Amino acid sequence: MTSDYFGKDIFKLGFGLMRLPKNADGSIDVEQTSVMVDKFLEAGGTYFDTAYVYDNGESEAAIRKALVDRYPRERYTLCTKLNAWQQCHDEESAKQQFYTSLERTGAGYFDYYLLHAFMMDNYRKYDEYHLWDFMKELKEKGLIRYYGFSFHSTPELLDQILNDHPEVDFVQLQINYADWENPKVSSRACYEVARRHGKSIVVMEPVKGGSLANPPESVEKIFKEANPDVSCASWAIRYVASMDGIMTVLSGMSDIAQMEDNLSYMKEFKPLSEEEKNVIARAQEALKNVPLIACTACHYCTEGCPMNIRIPEIFAARNKQLQLDVMDARTAFSKVIEGAGKPSECIRCMQCESACPQQLPITDLLEECAASFS
């Protein structure tokens, strides 16, 4: 039995707008996104999640065309985020992000608003720029209904922030079965801190940037033996949706097929049974023996890279190599470095590591990738 909590009755699948389908020229495919929006709303979904920095603002503009301009405002809820450490340089430019987001989306107001991607080396910016007071002002004016923050750091810092700001309505945390006991992500510990403070949780990265939708062969085998008729992604999303205190679970869907798969098991959501939880436990054990790079392809690391190195794509190629897909790995790597920087060209400026929510030793990993593909 679950407790009563803020957002308990929200449809348990949220539409994450970070990885929308793309056209051949790299722009967002609004037509396909519109079809996905239609299917999501028809199934009972309501929660759409974007951010000022997603696709350099294209995500917010695309959801205006695919959702806001096509449906009554009361039909959906919209969340976006203010990032005080990217694409701004002072308090004024940080606060301007809100008004730019409002203009881009045409939403009139935001149902949910987040201070974005708190980490150990950036969270003080939100105090320095007086953004907590700004959130209160926006809420009083009716421009946002509820606010919180998204978080990528230690449970100790999460506890500190929630002690300092008990007024927040909810938090957004990275939770998935791969990171449940991962000391760099601390999914379990952060979840427990948030619930101890009585905060509801929106889950991000339930399939870890898509890697749990296509897990290593040893993990996939466990899921397919348990139920050959459902996707690996379904196990990951239902795992977190089954927890107490979860408002919704964001899935960054990139095509219609992913939307249809997610809705097939989330439209009539059923929490995991004890037997299914045991299957997840076996998958977690199997994952411990797979030495993959834990990149979620958020691309925060590539913002401003002086050598134009496509870090997430290089890591994806390396993970193929680690899973012994040697030919696919070589092909993927060759495509990644076409017209872009090679991992051997990294100058170790470290800006990527300061931006990485997963706290990966990116420069060392690039050196490893350079050696492995030499």
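Quick note: structure is the one above.
For every chain, the first residue of the written sequence is number 1, and numbering continues from 1 onward in sequence order. Given that this is a predicted model, residues contribute local features only at a pLDDT of at least 70 and side-chain atom pairs are listed and counted only at 80 or more, while totals for whole chains, interfaces and linings are drawn from all residues. Each side-chain value is derived from all of the structure's non-hydrogen atoms; neither hydrogens nor water enter the calculation.

Enquirer: Tell me what's going on with the overall build of the protein, and back it up with residues and numbers.
Expert: Each helix and strand in the protein was counted, giving 15 helices and eight strands. In this treatment the radius of gyration is a C-alpha quantity, and the globule benchmark scales as 2.2 Å times the residue count to the 0.38 power. A compact globule built from 374 residues should have a C-alpha radius of gyration of about 21 Å, and the protein, at 20 Å, falls within 12% of that. Along the longest, intermediate and shortest principal axes, the C-alpha atoms of the protein span 55 × 50 × 45 Å. For the exposure calls, accessible area comes from a 1.4 Å probe over protein chains only, and a residue counts as buried if that area is under 20% of its type's maximum, exposed if over 50%, partly exposed in between. When burial is assessed residue by residue, the protein has 53% of its 374 residues classed as buried. Partitioning the contacts of the protein with sequence separation of at least 6, the portion at a separation of at least 24 is 76%. Every accessible area reported is derived by Shrake-Rupley at a probe size of 1.4 Å, with residue values counting cover from the shown protein chains alone. Within the structure as shown, the protein displays about 16,400 Å² of accessible surface, and the carbon and sulfur contribution to it stands at 48%. Charged side chains in the protein number 40 positive and 56 negative. The centres of these two groups are separated by 2 Å. Strands are runs of DSSP state E lasting at least 2 residues, helices are runs of H or I lasting at least 4, and numbering of each runs from the N terminus. Note on contacts: a residue pair is in contact if any heavy atoms of the two residues lie within 4.5 Å. Here the positive residues are Lys and Arg and the negative ones are Asp and Glu; neither His nor the chain ends is included. Charge positions come from single atoms, namely NZ of Lys, CZ of Arg, CG of Asp or CD of Glu.

Enquirer: Which residues make up empty space enclosed by the protein, and what are the values?
Expert: Cavities and pockets are defined on a 1 Å grid built over the protein atoms alone: a cavity is a set of grid points where a 1.4 Å probe fits but cannot escape, while a pocket is an open set with protein on both sides within 12 Å along at least five of seven lines, and lining residues are those with an atom within 4 Å of any such point. Grid points are joined across faces, edges and corners, and a volume is the space filled by probe spheres set on the points. Considering all chains together, one arrives at three cavities of 30 Å³ or more under this definition. For the largest cavity, the calculated volume is near 90 Å³. Residue assignment for the lining of the largest cavity shows that the elements contributing at least two residues are β6 (170–174) and α7 (187–196). Of the residues that constitute the lining of the largest cavity, the class distribution is six nonpolar, six polar and one charged. Classification convention: Asp, Glu, Lys, Arg as charged; Ala, Val, Leu, Ile, Met, Phe, Trp, Tyr, Cys, Pro as nonpolar; all other residues, Gly among them, as polar.

Enquirer: So, the pairing of strand β4 (residues 110–118): which residues are in play, and what are the values?
Expert: Extensive coverage of β4 is indicated by the burial of nine of its nine residues. After leaving strand β3 (residues 77–82), the chain enters helix α3 (residues 91–105) and then returns to the sheet as β4, a path that is right-handed. Strands pair, by our definition, only if DSSP identifies at least two bridges between them. As defined by bridge partners, β4 adjoins strand β5 (residues 144–151) across six bridges and the pair is classed as parallel. Bridge pairing links L115 to F149 in β5. A clockwise path from the first strand over the helix to the second, with the strands pointing away from the viewer, defines a right-handed crossover.

Enquirer: Please set out the environment of K22 residue by residue, giving values where relevant.
Expert: Turning to its location among the elements, K22 is positioned in the loop between β1 (13–16) and α1 (30–42). For K22, a relative accessible area of 41% gives the class partly exposed. Setting aside anything within four residues of it in sequence, one finds K22 in contact with S27, I28, D29 and D55. By the criterion applied in these results, polar contacts are pairs of N or O atoms within 3.5 Å in which, for protein atoms, one can donate a hydrogen and the other can accept it, and in which residues neighboring in sequence qualify only through two side-chain atoms. Polar contacts involving the side chain of K22 include one to the side chain of D55, which spans 3.1 Å.

Enquirer: Give a description of the nonpolar core that names residues and reports values.
Expert: Grouped together as the largest cluster of nonpolar side chains are 97 residues, with contacts concentrated most on F15, F48, L82, F149 and Y177. The element that contributes the greatest number of residues to this core is helix α9 (residues 232–241), accounting for eight residues. Here Y177 is in contact with L212, P215, V219, F223, A236, Y239, I280, A283, Q284 and L287, once residues within four sequence places are set aside. Counting 20 residues, the second-largest nonpolar core is a separate cluster that includes C305, I314, C352 and F373. Put simply, a nonpolar core is a bunch of buried Ala, Val, Leu, Ile, Met, Phe, Trp, Tyr and Cys residues held in one set by side-chain atoms that sit within 4.5 Å of each other.

Enquirer: Which residues make up the sheet that holds β4, and what values go with them?
Expert: In space, the eight strands of this closed barrel follow the order β1-β2-β3-β4-β5-β6-β7-β8, with parallel pairing throughout. Across this sheet, the average inter-strand angle for adjacent strands is 30 degrees, counted without regard to direction. Sheet analysis places β1 next to strand β8 (residues 246–251), joined by three bridges and oriented parallel. Pairing of F15 across the sheet is with S251, part of β8. Between the N-to-C directions of two axes lies an angle of 0 to 180 degrees, each axis being a line fitted to C-alpha atoms and, for a helix, fitted only over the stretch in contact.

Enquirer: How would you summarise the packing of helix α8 (residues 217–226) against helix α11 (residues 274–287) if you had to cite specific residues and measurements?
Expert: At a minimum axis distance of 8 Å, the contact between α8 and α11 shows a crossing angle of 165 degrees. With respect to α11, the element α8 is oriented roughly antiparallel. Viewed along their axes, α8 and α11 form a crossing whose handedness is right-handed. Here S218, V219, I222, F223 and A226 of α8 come into contact with α11, specifically with V279, I280, R282, A283, A286 and L287. Of the residues in the contact of α8 with α11, the class split is nine nonpolar, one polar and one charged. The labels follow the angle: roughly parallel below 35 degrees, roughly antiparallel above 145, roughly perpendicular from 65 to 115, and oblique for the rest. Should the near helix be turned anticlockwise from the far one by less than a right angle, the crossing is left-handed, and should it be turned clockwise, the crossing is right-handed.

Enquirer: How would you explain helix α10 (residues 256–266) if you had to name every residue and give the values?
Expert: For the α-helix, the turn length of 3.6 residues means that residues three or four positions removed from each other point alike. For α10, every residue scored as buried is listed here: M259, N262, L263, Y265 and M266. Check the buried side of α10 and you find it contacts β1, α1, α9 and β8.

Enquirer: Any details on the packing of aromatic side chains? Residues and values, ideally.
Expert: Classification of ring pairs uses Phe, Tyr and Trp, with its six-membered ring standing for Trp, and accepts pairs whose centres are within 6.5 Å; under 30 degrees between planes counts as stacked, over 60 as edge-to-face, and the remaining range as tilted. Considering all chains together, one arrives at 27 aromatic pairs under this definition. Seen in terms of ring centroids, F48 and Y76 are 6.5 Å apart; in terms of plane orientation they differ by 90 degrees. Their pairing is edge-to-face. Of the two residues, F48 sits in strand β2 (residues 47–49) while Y76 sits in the loop between α2 (58–68) and β3, which places them 28 residues apart along the sequence. Here F48 matches Y76 in class, with each residue buried. For the pair W132 and F149, a centre-to-centre distance of 6.1 Å together with 80 degrees between the ring planes defines the contact as edge-to-face.

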